[in-house]
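# Topology and contacts: notes
Chain by chain, the residues:
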Amino acid sequence: MLLPLKEFICDKCQGIIESPQYGYLQWDEFDDENNYRRARNFQIVHNYPHSEEDCLDYNKPSKQLIDFLNPDSGIGALLSFIDYGPLIQNNFLFSRAYYTREIIELIRRLSIPYFEEARDYLTLALNDDYISTNQYGIYNPNTLKSIIEIYGTNFK
Ligand SMILES: [Zn+2]
């Protein structure tokens with residue numbers, strides 16, 4: 001089982017990122033139809049030389065994974081992708097993150113213990129009636145841990 005909020009799965013090579021120090025968050029930036037600078041295609045990836053492949057794309061904006069994990073600047077940096085806040089953007093105009101669902105999934109991966117590993121098995125657990133679609137239950141770390149214990153096959 002992965003160490004929660006310490007080990008992550010690389011979105012490029014699918015290998016384990018064994019420490020937040022060995023990972024980066026990368027994304028694409030583009031100008032939307034209103035000429036607002038937006039971000040999408042977020043990926044948690046290995047940084048050089050911690051994988052055999054070039055998981056980190058040096059042409060993309062990126063930042064060390066540790067910067068998005070509490071107790072450092074974590075949740076503050078992540079939430080800025082949804083709303084810069086009134087000091088930076090007086091009236092709310094747009095989220096920096098283009099896809100709300102995508103940024104929320106990333107925030108879950110970086111802030112809810114066991115979510116990173118359990119998310120691969122949520123559909124299985126739901127189809128088995130092991131969990132229901134109760135939004136408080138699904139994201140409970142104890143539930144997520146037991147889902148990994150029952151359904152986990154990737155990182156035994
Ligand atoms: Zn990788």
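Analysis parameters
Residue numbers run consecutively from 1 along every chain, following the written order of its sequence. Under the rules for a predicted model, residues below a pLDDT of 70 receive no local features and side-chain atom pairs below 80 are neither given nor counted, while totals for whole chains, interfaces and linings still include all residues. Working definition of burial: number of other C-beta atoms within 10 Å of the residue's own, with buried at 20 or more, exposed at 12 or fewer, and partly exposed in between, all C-beta atoms being placed from the backbone. For helices the rule is a DSSP run of H or I covering at least 4 residues; for strands it is a run of E covering at least 2, with both sets numbered from the N terminus onward. Regarding the arc, it is the one traced by the directions from the helix axis to the C-beta atoms. Residues are scored as being in contact if the C-beta atoms we place from backbone atoms lie within 7 Å. Residues enter a nonpolar core if they are buried, belong to Ala, Val, Leu, Ile, Met, Phe, Trp, Tyr or Cys, and are joined to the set through C-beta atoms within 7 Å. Domain start and stop points were drawn from an automatic or database domain assignment.

## Examining helix H6 (residues 141-151)
Restricting attention to buried positions, one finds in H6 the residues Leu144, Ile147 and Ile148. One face of H6 carries all of its buried residues, which in axial projection span an arc of 100°. The exposed residues of H6 that point more than 90 degrees off its buried face are Asn142, Glu149 and Ile150. Looking at the buried positions of H6, the neighbouring elements they touch are helix H3 (115-118) and helix H4 (122-127).

## Structural notes on the nonpolar core
Counting 21 residues, the largest nonpolar core has Leu25, Ile44, Val45, Leu65 and Phe68 as its most contacted members. Taken together, the elements giving at least two residues each to this core come down to strand S3 (23-31), strand S4 (37-46) and helix H2 (100-111). Contacts of isoleucine 44, omitting those with residues within four sequence positions, involve Phe8, Cys10, Asp11, Ile17, Gly23, Leu25, Leu65 and Arg109. Residues Tyr114, Ala125, Ile131 and Leu144 belong to the second largest nonpolar core, which totals 9 residues.

## Things to note about the domain arrangement of the protein chain
Many descriptions give the size of an interface as the accessible area lost when the pieces come together. Structurally, the protein chain comprises domain 1 (8-111) and domain 2 (113-156). Domain 1 puts 5 residues into the contact, and the matching count from domain 2 is 4 residues. Contributions of two or more residues to the side of domain 1 that touches domain 2 are made by strand S1 (8-9) and H2.

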